[in-house]
Amino acid sequence: MVAQQNRPYLSAQIYLIFGLFLLAISLSPIFFIFSAVVGIVSLSSKYHYQWIFGILFIFGMSITYASRQVGISPFDDFANIYYPQYKEIASIGVFEWYFQGFSEFSISSLEVGLPLLFSFFAIFDTSISSNTLIFLLTLIGGLFYLYWLIKYVLPNLPRRKSNLALLLSLGLFSFGLCSQLTRQMLSIPFFLMAISDKSLARSTFFLVIGTSFHLITLPLYLFTKCLKFLPKLTTFFSILFGLIIFFYGNAIAAGILGIDVGIFDKLLYYASGNMDATDFSYRYLFLPISWIFLCLVSIKKKKVIPNNFFILMGFFYICFLIFPLLSFRITLVVSAALMGLLIFYALMSLNNHKLQVILATSLVTINQLRRWIIYDYESGMSLWYDYAQVGIHPFYYLF
């Protein structure tokens with residue numbers, strides 16, 4: 001009887017909370033992220049809750065990055081490469097676009113995933129705005145990453161801890177790169193699925209899709225499998241190869257630049273190095289050091305991806321600094337998608353759950369705050385340029 005009497009009050013509270021939530025997200029996309037963080041931390045680790053709050057987080061991050069400047073920076077790959085590619089495909093069709101620029105076969109011609117995705121978008125709209133396209137690319141990359149987390153990672157963790165892994169993984173995922181290094185960021189979730197799935201058929205399927213977005217997926221997949229089945233031999237040859245690159249990288253680059261690389265146009269691209277990226281790679285030298293440190297802190301923890309993978313990625317980052325773009329690209333899966341998991345495993349070394357929650361939430365909050373309050377219009381890719389963080393009209397960022 002009492003329960004029946006309280007039911008109307010409970011329903012009213014639910015409607016009130018939902019109404020306040022709608023009001024909050026209509027006035028600022030930041031509340032998508034805030035509500036997702038609160039939900040992940042405070043609610044139980046149920047499958048459907050993880051999906052709901054994971055999607056809310058990704059939706060908020062997609063709207064955030066869709067607000068950025070476009071077409072101002074000379075280093076904006078989205079404005080200079082991807083958006084013109086979408087407009088051309090939308091105008092003439094993907095097959096005509098592909099064969100129009102096809103003079104002779106090169107290895108990069110196999111990267112058909114993104115053109116096909118643009119062709120799919122063009123079926124529904126041939127004049128998608130630049131900010132809407134950034135939103136879509138960021139959303140898709142984030143959703144596939146979320147699928148990998150919920151399908152392959154979280155079920156292998158203690159149920160009580162899985163929400164922390166979700167929070168840190170999403171909170172430190174490089175959503176901003178989905179509109180800058182678009183092809184590789186879309187390939188990363190499929191690479192992770194390919195190395196995580198135990199079915200050969202599904203693993204091969206994910207590998208093909210990942211490779212169609214970015215060719216680096218295939219060598220990384222083979223490297224990971226060799227590391228799993230032949231760990232000592234793979235580690236030995238990886239160290240040998242890395243040292244050769246470290247000491248003789250300049251000579252190798254000069255040799256590549258002096259020959260006709262034929263179909264291997266990617267070699268010429270990375271050998272020429274785009275030396276504007278040199279300072280960038282050195283600036284983030286703390287990344288490989290942090291990977292190795294976090295692995296050592298959590299060395300006894302059983303990980304979805306083994307310690308030797310992270311340690312060798314850190315080693316490769318340093319050895320390949322002579323090729324600044326390649327150094328960053330071959331290790332992007334760690335810096336862009338796996339930092340949160342590494343930190344999660346390190347936090348598991350603490351035996352205080354409340355402290356783990358506080359540290360994880362603080363780290364994610366600090367990482368998000370810099371996006372909400374820091375402006376850098378001189379970079380040409382600053383956030384909150386197309387619309388502000390907060391508006392007075394409901395859902396102002398949609399119009």
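Higher on the page you've got the structure.
Definitions and limits used
- Residues numbered from 1 in each chain as written.
- Predicted model: local features only at pLDDT ≥ 70, side-chain atom pairs only at ≥ 80, totals over all residues.
- Heavy atoms only, no water.
- Core = buried A, V, L, I, M, F, W, Y, C linked by side-chain atoms within 4.5 Å.
- Buried < 20%, exposed > 50% of the residue type's maximum accessible area, 1.4 Å probe, protein only.
- Contact = heavy atoms within 4.5 Å.
- 1 Å grid on protein atoms, 1.4 Å probe; cavity = no way out; pocket = protein on both sides within 12 Å on 5 of 7 lines; lining within 4 Å.
- Points joined across faces, edges and corners; volume = space filled by probe spheres on them.
- Helix = DSSP H or I, 4+ residues; strand = E, 2+ residues; numbered from the N terminus.
- Nonpolar A, V, L, I, M, F, W, Y, C, P; charged D, E, K, R; others polar.
- Expected span 1.5 Å × (residues − 1).
- Bend = angle between axes of the 7 residues up to and from the residue.

*Asks:* How would you explain the nonpolar core if you had to name every residue and give the values?
*Replies:* In this structure, Trp148, Leu192 and Phe309 are the most contacted members of the largest nonpolar core, which totals 116 residues. For leucine 192, the contacting residues outside a window of four places in its chain are Tyr145, Trp148, Ile305, Val333, Ala337 and Leu338.

*Asks:* An account of empty space enclosed by the protein is needed here, citing residue identities and associated values.
*Replies:* Here the idea is plain: a probe the size of a water molecule rolls over the atoms and shows the empty space left. Counted by the stated rule, this structure contains 2 cavities of 30 Å³ or more. Lining the largest cavity are Gln184, Ser187, Ile188, Phe191, Ile216, Thr217, Leu220 and Val333. Taken together, the elements giving at least two residues each to the lining of the largest cavity come down to α9 (182-196) and α11 (217-229). If you tally residues by element for the lining of the largest cavity, the top one is α9, at 4 residues. Along the lines of polarity and charge, the residues of the lining of the largest cavity split into 5 nonpolar, 3 polar and no charged. Taken as a whole, the second largest cavity encloses approximately 30 Å³ of empty space. What lines the second largest cavity is Trp148, Lys303, Val304, Ile305, Phe310, Leu338, Leu341 and Tyr345. Counting residues per element, the lining of the second largest cavity draws most heavily on helix α18 (residues 332-347), at 3 residues. Per-class residue counts for the lining of the second largest cavity are 7 nonpolar, no polar and 1 charged.

*Asks:* Residues and numbers for helix α4 (residues 77-92), please.
*Replies:* With 16 residues, α4 ought to run about 22 Å at 1.5 Å a step, and its terminal C-alpha atoms sit 22 Å apart, in line with that. A bend of about 25° at tyrosine 83 is the largest found in α4, and the proline proline 84 appears one to four places after it. Residues Asp77, Phe78, Ala79, Tyr82, Tyr83, Gln85, Tyr86, Ile89 and Ala90 constitute the buried set of α4. Backbone geometry just after α4 places glycine 93 at a positive phi near 95°.

Keep in mind that these numbers describe shape and distance, not what the molecule does.
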